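# Fold and geometry: a report
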Amino acid sequence: MIDTKSPPVTTPRAQELDIVPARNHGRWIAAIASLAALVGLVGSLAKNDNLHWDIVGDYLFADLIFDGLSTTLWLTAAAMLLGLALGTLIAVMRLSSSPVLYGLANAFVWVFRGTPLLVQIIFWGYAAALYAYVKIGIPFTDVTFFQAETNTLLTPAIAALLALGLNEAAYASEIVRAGIQSVDPGQAEAAHSLGMRPALTMRRIVLPQAMRVIIPPMGNETINMLKMTALVSVISAHDLMSNIQDVYAQNYQVIPMLVVASIWYLALVTLLSVPQAWLERRYGRGTSRAGHVSPLRRLLGGTVERLGRNNKEQSR
């Protein structure tokens, strides 16, 4: 009779065995093929004389390029701040019980999300064709407190900021609204039961919890905003792309100058990805996604662990 309650017999040899995951040979073959294709592409580009790498090197750190970079960076930062602030206000308005606030917020999102960004940039750039003067006063009277020419106020940089910021506000409002609605309504009810006003509840209770949902798409919006600043070149806002176009309009070296622009955009996007990843980990603490480890880190971690295990065995 077999005793099923007795523990299984383990030999010293079985205790020394290391349990390793199954090898996926197909995955390694695909990885090697992809790396070979990448090396071939990079080698082909490096040896291509039509790219004129000497011209790329001459203009990569030119003063004209740095002037465009400064404009691109402040446009990105200012447009995102304007879009996030206005988008948060519009999101709260869309969640309001007031039909007037709800209707105004819906109309804003409908207009700025429903028209192409390029059209909006051109519209703000040529707004003087619609209104020659900007006036502030009492409607339907001759009383005017302030008056100025539209072209004086709406410089290409300001027009670009308004177009980018207002367009971003329409998308940011939807992101913020989704984040707010992801928070359990009981959180707000508990805060109200403690005597907190709705505005304080939104600022201190709801929004901090909604950041876990807001941060990832908002980080993507920031990266997208950096690249969308290239569209303001149509109104000569002197951003990076505008200065690049001015150069290749004179020397006719279109591809090398576009390579310069691509290198800088890739570098800036890489830098923006670092704080985005940190913020995602910061506000994602306590969730299953917070413990996610990338395949590269798993590979490096497994390699280090195996090296340490081998060193221990050799020391024995």
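If you're wondering where the values come from, they're calculated on a predicted model, not measured in any experiment.

Attention shifts here to the packing of aromatic side chains. Scanning the entire structure with this criterion turns up five aromatic pairs. Ring plane angle 85° and centroid distance 5.9 Å describe the contact between Phe61 and Trp264, whose orientation is recorded as edge-to-face. Of this pair, Phe61 sits in the loop between helix H3 (53-60) and helix H4 (63-94) while Trp264 sits in helix H12 (residues 254-283), and the two are 203 residues apart along the sequence. With a centroid separation of 5.6 Å and an interplanar angle of 70°, the aromatic rings of Phe66 and Trp264 are classed as edge-to-face. Of this pair, Phe66 sits in helix H4 while Trp264 sits in helix H12, and the two are 198 residues apart along the sequence. When its relative accessible area of 15% is taken as the criterion, Trp264 is described as buried. Aromatic ring contacts, followed pair by pair, group Phe61, Phe66 and Trp264 into a single cluster.

Let us look at the pairing of strand E2 (residues 144-149). Residues in a regular strand point their side chains to alternate faces of the sheet. Bridge count between strand E1 (residues 133-137) and E2: five bridges; the pairing is antiparallel. Within E2, the residue paired with Gly137 across the bridge is Thr144. Hairpin connection of E1 to E2: six residues between the antiparallel strands, including Phe140 at a positive phi of 65°.

On to the side chain of Ser233, then. Among the structural elements, Ser233 can be located in the loop between helix H10 (198-228) and helix H11 (240-251). Of note is the side chain of Ser233, whose polar atom sits 2.9 Å from the backbone oxygen of Ala230. Every residue in contact with Ser233, bar those within four places of it in the chain, is listed here: Asp239, Met241, Ser242 and Gln245.

Considering the arrangement of structural elements, one finds Ser242 in helix H11. For Ser242, the side chain forms a polar contact with the side chain of Asp239, separated by 2.4 Å. Excluding residues that lie within four positions of it along the chain, Ser242 makes contacts with Val232, Ser233, Ser236 and Ala237.

Take the packing of H11 against H12 next. Axis separation between H11 and H12 bottoms out at 9 Å; the angle between their running directions is 165°. It follows that H11 is roughly antiparallel to H12 by the angle criterion. Our pair here, H11 against H12, has a crossing hand that is right-handed. For the pair H11 and H12, the contacting residues are Leu240, Met241, Ile244, Val247, Tyr248 and Asn251 in the first and Val254, Met257, Leu258, Val260, Ala261, Trp264 and Tyr265 in the second. Broken down by class, the residue content of the contact of H11 with H12 amounts to twelve nonpolar, one polar and no charged.

Its location among the elements puts Ala105 in helix H5 (residues 99-114). What makes Ala105 buried here is its relative accessible area of 1%. In the structure, Ala105 is positioned 15 residues away from Ile90 in sequence and 5.5 Å away in space, judged by C-alpha atoms.

Time to look at a nonpolar patch on the surface. Nonpolar side chains collect at one region of the surface, where Ile136, Ile138, Val143, Phe145, Phe146 and Leu153 lie side by side and expose about 560 Å² of accessible area between them. The topology assignment puts Leu153 in helix H7 (residues 150-153).

Trans is the common state for peptide bonds, and a negative phi is the common state for residues other than glycine. Residue His238 is not a glycine yet carries a positive backbone phi of 60°. Inspection of the secondary structure puts His238 in the loop between H10 and H11. The phi dihedral of Tyr252 falls on the positive side, at around 60°, and the residue is not glycine. Along the chain, Tyr252 turns up in the loop between H11 and H12. For Tyr252, a relative accessible area of 68% corresponds to the exposed category.

Moving on, we get to the packing of H4 against H10. One way to put it is that H4 packs onto H10 with a least axis distance of 9 Å and a crossing angle of 140°. When the interaxial angle is binned, H4 and H10 end up oblique. Crossing of H4 over H10 shows right-handed handedness. Side by side, H4 and H10 meet where Thr72, Thr76, Ala79, Met80 and Leu84 of the first sit next to Met218, Glu221, Thr222, Met225 and Leu226 of the second. Taken together, the residues that form the contact of H4 with H10 break down as six nonpolar, three polar and one charged.

Quick look at the environment of Ser34 now. The residue Ser34 is located in helix H2 (residues 25-47) in this model. Classification of Ser34 by relative accessible area gives partly exposed; the value is 48%. Reaching out from Ser34, the side chain makes a polar contact with the backbone oxygen of Ala30 at a distance of 2.8 Å.

The rules we used
- Residues numbered from 1 in each chain as written.
- Predicted model: local features only at pLDDT ≥ 70, side-chain atom pairs only at ≥ 80, totals over all residues.
- Heavy atoms only, no water.
- Phe/Tyr/Trp six-rings, centres within 6.5 Å; stacked < 30°, edge-to-face > 60°.
- Helix = DSSP H or I, 4+ residues; strand = E, 2+ residues; numbered from the N terminus.
- Buried < 20%, exposed > 50% of the residue type's maximum accessible area, 1.4 Å probe, protein only.
- Pairing = 2+ DSSP bridges.
- Polar contact = N/O pair within 3.5 Å; in protein donor to acceptor, adjacent residues only side chain to side chain.
- Contact = heavy atoms within 4.5 Å.
- Axes fitted to C-alpha atoms, helices over the stretch in contact; angles between N-to-C directions.
- Parallel < 35°, antiparallel > 145°, perpendicular 65-115°, else oblique.
- Left-handed = near helix turned anticlockwise from the far one by under 90°.
- Nonpolar A, V, L, I, M, F, W, Y, C, P; charged D, E, K, R; others polar.
- Patch = residues over 30% accessible without salt bridge, like charges linked within 9 Å, V, L, I, M, F, W, Y side chains within 5 Å.
- Areas by Shrake-Rupley, 256 points an atom, 1.4 Å probe, with all protein chains shown as cover.
- Salt bridge = Lys/Arg side-chain N within 4 Å of Asp/Glu carboxyl O.

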